[in-house]
Amino acid sequence: EIRLSLVGSEMCIRDRYQRRVRGIFPEEMSRHHPVDHRDHFLYVSAKLLFHVVSLGIVFYSFVWLQELGILSFSFLSRMFTIWGLIALGFFFILAVVVDLLHLGLIATKRSETNRRALIPRLLLVGHDLLFALAFSMACGITLIFWGLFLYDRELILPRALNFPDLLNHIQHTFPLIVLLIDMFAFGPASAGPLWLGAELGLITSVVVIYLQLTVGVYFSAGQWPYPFMASFTLPIFLLFSLGALALALILGGLLRALRLSLNRTKEVKRD
């Protein structure tokens, strides 16, 4: 029979031994207690650089639109592509803030288990929600734009506009590619089970608000914002709106399933 006091003493001896071994042979302990690479200074620095460069590209696209003389409130409110870029920009702003906080915690040598806990939860929730929103919008924009462009570019981007090719790719190709890189190279957002309704609710709200503004523009100016809508009547637009909303929700659900799958895979590898 083993007395409880002896069990407690054995545990204290074991802990003291591990602390000493960890100090003398850190590489040996790392094999038994692997460090999460996401807490490595160089890894977080690379992620920060990626987010800063991406944010710079998004900002430059708006500067370019301003130089072309087409950046106005009317233009911003009518073009869903611009809404997607705005969501992407806000996501990268929060991502940069989270990365800077993470680097600061690493520099102060906080324990690895407490670093993420010290980052404000509201900031992490906003980061996750904006990622879900930006990714769903980027998927919809890329699929719809390039599908119509390959079918007949006059339906979505007439040649008469003489729109720069590079700016076109920044607006309609770059967002999806950069978010895929962010998710696979730097790890998906947390995708906690409690935020499913919040993510889908945010996506739905943004799409519905945009569609309402589009209807308002149609009644005030007498035309739809995109050439492919030229033959739309209001009932047809409502059907299109339902389809767009369904697409946004499907993309949001698929994104969430993918993020959860990646999270589970990383947890299994870490264990």
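So, here's what we can say about the structure. Numbers given to residues run from 1 along each chain, matching the order in which its sequence is written. This being a predicted model, a pLDDT of at least 70 is required before a residue's local features are given, and a value of 80 or more before pairs of side-chain atoms are given or counted; all residues contribute to the totals for chains, interfaces and linings. Side-chain numbers come from the whole structure's heavy atoms, not from hydrogens or water.

## What about the overall build of the protein?
Next up, step 1: Numbering of helices and strands starts at the N terminus; helices are DSSP runs of H or I of at least 4 residues and strands are runs of E of at least 2. When its secondary structure is counted, the protein shows eleven helices and zero strands.
Next up, step 2: Secondary structure elements of the protein, listed N to C terminal, follow the sequence α-α-α-α-α-α-α-α-α-α-α.
Next up, step 3: Out of the 271 residues in the protein, the part that is buried amounts to 42%.
Next up, step 4: Any two residues whose heavy atoms approach within 4.5 Å at even a single point are treated as in contact. Of all intrachain contacts in the protein linking residues separated by at least 6 positions in sequence, the fraction that spans at least 24 positions is 77%. Partly exposed describes any residue whose relative accessible area lies between the buried limit of under 20% and the exposed limit of over 50%, with all areas from a 1.4 Å probe on protein chains only and scaled to the type maximum.

## Things to note about the packing of helix α3 (residues 41-68) against helix α8 (residues 165-172)
Next up, step 1: A fitted line through C-alpha atoms represents every axis, and for helices the fit uses only the stretch in contact; the resulting angles, taken between N-to-C directions, go from 0 to 180 degrees. As a packed pair, α3 and α8 sit with axes 10 Å apart at the nearest point and diverge in direction by 135°. The pairing of α3 with α8 is recorded here as oblique in orientation. The two elements α3 and α8 cross, and the hand of that crossing is left-handed. On α8, the residues that touch I57, S61, W64, L65 and L68 of α3 are L166, L167, I170 and Q171.
Next up, step 2: Any residue outside Ala, Val, Leu, Ile, Met, Phe, Trp, Tyr, Cys, Pro, Asp, Glu, Lys and Arg is labelled polar, Gly included; the first ten of those are nonpolar and the last four are charged. Partitioning the contact of α3 with α8 into residue classes produces seven nonpolar, two polar and no charged. Oblique is the label for any angle not covered by the other classes, which are roughly parallel (under 35 degrees), roughly antiparallel (over 145) and roughly perpendicular (65 to 115). Helix crossings get a hand from a simple test, with the near helix turned counterclockwise from the far one by less than a right angle marking a left-handed crossing and a clockwise turn marking a right-handed one.

## Comments concerning empty space enclosed by the protein
Next up, step 1: Buried and open spaces are told apart on a 1 Å grid over the protein atoms alone, a cavity being a set of points where a 1.4 Å probe fits but cannot get out and a pocket being an open set with protein on both sides within 12 Å along at least five of seven lines. Residues with an atom within 4 Å of a point are the lining residues. Grid points are joined across faces, edges and corners, and a volume is the space filled by probe spheres set on the points. The full count for this structure, using the stated rule, is one cavity of 30 Å³ or more.
Next up, step 2: Put simply, the largest cavity is a space of about 360 Å³.
Next up, step 3: Along its surface, the largest cavity is lined by 22 residues, and F80, G140, I141, I144 and A244 are the ones closest to its centre.
Next up, step 4: Secondary structure elements with two or more residues in the lining of the largest cavity: α5 (80-107), α7 (121-152), α10 (196-221) and α11 (234-270).
Next up, step 5: When residues of the lining of the largest cavity are assigned to their parent elements, the largest contribution, six residues, is made by α7.
Next up, step 6: Partitioned by chemical class, the residues of the lining of the largest cavity number 18 nonpolar, four polar and no charged.

## Considering a nonpolar patch on the surface
Next up, step 1: The patches reported here contain residues having more than 30% relative accessible area and no salt bridge. Joining distances are 9 Å for like charges and 5 Å for nonpolar side chains (Val, Leu, Ile, Met, Phe, Trp, Tyr). Residue-level accessible areas treat just the shown protein chains as cover; the underlying method is Shrake-Rupley with a 1.4 Å probe. Salt-bridge detection follows one rule: a side-chain nitrogen of Lys or Arg within 4 Å of a carboxyl oxygen of Asp or Glu. Together, I86, F90, I93, V97 and L101 give the surface a local cluster of nonpolar side chains, amounting to about 400 Å² of exposed area.
Next up, step 2: Counting through the fold element by element, F90 comes out in helix α5.

## Let's talk about the layout of surface pockets
Next up, step 1: Size it by volume and the second largest pocket reaches roughly 390 Å³.
Next up, step 2: F75, M79, L157, L161 and F163 are the residues nearest the centre of the second largest pocket, which is lined by 19 residues in total.
Next up, step 3: Broken down by secondary-structure element, the contributors of at least two residues to the lining of the second largest pocket are α5 and α8.
Next up, step 4: Looking at the lining of the second largest pocket, its residues break down into 15 nonpolar, four polar and no charged.

## Some points on α8
Next up, step 1: Every buried residue of α8 is accounted for by L167, N168, I170, Q171 and H172.
Next up, step 2: Buried residues in α8 make contact with α3, α5, α7 and α9 (174-185).

## Some thoughts on the environment of I177
Next up, step 1: Structurally, I177 is set in helix α9.
Next up, step 2: Between the alpha carbons of I177 and F135 there is a distance of 9.7 Å; along the sequence they are 42 residues apart.

## Some words on the nonpolar core
Next up, step 1: Grouping buried Ala, Val, Leu, Ile, Met, Phe, Trp, Tyr and Cys residues that are joined through side-chain atoms within 4.5 Å yields what is termed a nonpolar core. Ranked by internal contacts, the top residues of the largest apolar core, which has 67 residues, are L88, F135, L179 and Y226.
Next up, step 2: Residue assignment for this core shows that the elements contributing at least two residues are α3, α5, α7, α8, α9, α10 and α11.
Next up, step 3: It is α5 that contributes the most residues to this core, 15 residues altogether.
Next up, step 4: Every residue in contact with L88, bar those within four places of it in the chain, is listed here: V58, A134, F174, P175, V178 and L179.

## What to know about the packing of aromatic side chains
When we look at a pair of aromatic rings, we describe it by the centre distance and by the angle of the planes.
Next up, step 1: When the centres of two rings from Phe, Tyr and Trp lie within 6.5 Å, Trp using its six-membered ring, the rings pair. Their planes under 30 degrees apart give stacked, over 60 give edge-to-face, and anything left gives tilted. For the coordinates displayed, the defined rule picks out 17 aromatic pairs.
Next up, step 2: Both rings, one in F145 and one in F149, keep their centres 5.6 Å apart while their planes meet at 25°; by these two values the pair is stacked. Here F149 and F145 lie together in helix α7, a separation of four residues that amounts to about one turn.
Next up, step 3: On the basis of an interplanar angle of 70° and a centroid distance of 5.0 Å, the ring pair of W146 and F149 is categorised as edge-to-face. Placement of the pair is W146 and F149 together in helix α7, with a separation of three residues, close to one helical turn.
Next up, step 4: With relative accessibility at 17%, the residue W146 sits in the buried group.

Structural measurements only, silent on function.
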